[in-house]
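An overview of the molecular structure
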Amino acid sequence: MDNQQQIIDDTIQYLKDSFSGEATGHDWFHIERVWKLSKSIAKKEGDMDLFVVEMGALMHDIADHKFHDGDESVGPKKAAEYLSQFDIESDKVEKIIKIVEEISYKGKNIPTKMSSKEGEVVQDADRLDAMGAIGVARTFAYGGSKGRSIYDPIVKPVCHTSFAAYKTSTAPTINHFYEKLLLLKDRLNTNTAKTEGERRHEFMESFLTNFYQDWNAQIR
Ligand code: ADP
Ligand code: NI
């Protein structure tokens, strides 16, 4: 086995040990899906550093600001610390750390441009996993873990213009669809992800239509 494959295998083991059973939708299986989706997107999009793609995907949620009092510097720091145990070229390390730093969604009007092609692929994979049926499941898991209600017709969705406002929101979980999930299809980078995103977007639209029908508690 070559050195890069060994690093990927070690990292998978480390993440399985650290994130198995996590209950907010940021568990090992989320990381695994983002890793697999990233590899599939990269293959279709061609010509990029696959090691950076795989490591970026595996490390992307290593220390999310949401679980560190909103501190965005913890993720990149932890990634740098973790990667320093391996013998990896410094330009690759930098690219992987940048992915961890830049990947997050920060609110409707806040740009989240990735500085590498590899980063664009990993960001797309992470966003696809926030959409569709898995996206719905993860969103209610996260909302429940934060003590949020499912829905409250009185509390209207907000169009966030700052990351600070977005990350401190305490709105019901349904609002997250309007504040992030339904906006993701237009925030994907690659054509491969855009095509896959359409199907996942349609599912969320249909979920919401059914949700409001059922909310009215009427027999048809
Ligand atoms: P990103 O990967 O862009 O940083 P997050 O980690 O913030 O995205 O979100 C990942 C998933 O966690 C979301 O797609 C959603 O399922 C859930 N989540 C995050 N914030 C909220 C929220 N305020 N309400 C409900 N679910 C949320
Ligand atoms: Ni993620």
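What comes next is a walk through the structure. (Residues numbered from 1 in each chain as written. Chains lettered and ligands numbered in written order. Predicted model: local features only at pLDDT ≥ 70, side-chain atom pairs only at ≥ 80, totals over all residues. Heavy atoms only, no water.)

Turning to the pattern of salt bridges, a few remarks are in order. A full pass over the atoms with the stated rule returns ten salt bridges. Two residues, lysine 117 and glutamate 45, come together in a salt bridge whose shortest N-O distance is 3.5 Å. Residue lysine 117 is located in helix 6 (residues 117-128), and its partner glutamate 45 is located in helix 2 (residues 28-45); the two are separated by 72 residues in the primary sequence. Given the relative accessible area of 33%, lysine 117 is considered partly exposed. Judged by its relative accessible area of 24%, glutamate 45 falls in the partly exposed class. The salt bridge involving arginine 200 is made with glutamate 196; its shortest N-O contact spans 2.7 Å. Taken as a pair, arginine 200 and glutamate 196 lie in helix 10 (residues 191-215) at a separation of four residues, close to a single helical turn. Residue classification places arginine 200 among the buried residues on the basis of a relative accessible area of 14%. The exposure class assigned to glutamate 196 is partly exposed, which follows from its relative accessible area of 25%. Taken together, the shared-partner salt bridges connect Arg33, Asp129 and Arg138 into one network. (Salt bridge = Lys/Arg side-chain N within 4 Å of Asp/Glu carboxyl O. Helix = DSSP H or I, 4+ residues; strand = E, 2+ residues; numbered from the N terminus. Buried < 20%, exposed > 50% of the residue type's maximum accessible area, 1.4 Å probe, protein only.)

Residue placement: lysine 180 occurs in the loop between helix 9 (173-179) and helix 10. Of the side chains bearing the opposite charge, aspartate 126 lies closest to the buried lysine 180, which forms no salt bridge; the N-O distance is 6.3 Å. (Lys, Arg positive; Asp, Glu negative; His and termini not counted.)

Further remarks concern the packing of aromatic side chains. Applying the stated rule across the entire model yields eleven aromatic pairs. Pairing tyrosine 82 with phenylalanine 86 gives two aromatic rings, centres 5.5 Å apart and planes at 70°, and the pair type is edge-to-face. A single burial state applies to tyrosine 82 and to phenylalanine 86, both of which are buried. (Phe/Tyr/Trp six-rings, centres within 6.5 Å; stacked < 30°, edge-to-face > 60°.)

Another point: the packing of helix 1 (residues 3-19) against helix 3 (residues 50-59). Contact geometry for helix 1 and helix 3: axes closest at 10 Å, N-to-C directions at 10°. Considering their axes alone, helix 1 and helix 3 lie roughly parallel with respect to each other. Contacts between helix 1 and helix 3 involve Gln4, Ile7, Ile8, Thr11, Ile12 and Leu15 on the former and, on the latter, Phe51, Glu54, Met55, Leu58 and Met59. Considered class by class, the residues forming the contact of helix 1 with helix 3 number eight nonpolar, two polar and one charged. (Axes fitted to C-alpha atoms, helices over the stretch in contact; angles between N-to-C directions. Parallel < 35°, antiparallel > 145°, perpendicular 65-115°, else oblique. Contact = heavy atoms within 4.5 Å. Nonpolar A, V, L, I, M, F, W, Y, C, P; charged D, E, K, R; others polar.)

A few words on a negative patch on the surface. A grouping of Asp87, Glu89, Asp91 and Glu94 is seen on the molecular surface, where their side chains present a negatively charged patch. Its place among the elements puts aspartate 87 in the loop between helix 4 (74-83) and helix 5 (90-102). By relative accessible area, aspartate 87 is classed as exposed at 66%. (Patch = residues over 30% accessible without salt bridge, like charges linked within 9 Å, V, L, I, M, F, W, Y side chains within 5 Å. Areas by Shrake-Rupley, 256 points an atom, 1.4 Å probe, with all protein chains shown as cover. Charge placed at Lys NZ, Arg CZ, Asp CG, Glu CD.)

Moving on, we come to the coordination of the nickel ion (ligand 2). Looking at the nickel ion (ligand 2), the protein donor atoms are His30 (NE2), His60 (NE2), Asp61 (OD) and Asp126 (OD), and they sit 2.1 to 2.3 Å from it. Around the nickel ion (ligand 2) sit four donor atoms; with metal-centred angles ranging over 84 to 173°, the donor geometry is irregular. We note that the donor set of the nickel ion (ligand 2) lies within a single chain, spaced as H-x29-H-D-x64-D. With histidine 30 in helix 2 and histidine 60 in the loop between helix 3 and helix 4, this residue pair connects regions lying 30 residues apart in the sequence. When its relative accessible area of 0% is taken as the criterion, histidine 30 is described as buried. (Donors = N, O, S within 2.8 Å, 3.2 Å for Na, K, Ca; no water. Tetrahedral: all angles 85-135°; square planar, octahedral: opposite > 155°, others 65-115°.)

Interpretation note: all reported values are geometric properties and have no functional meaning in isolation.
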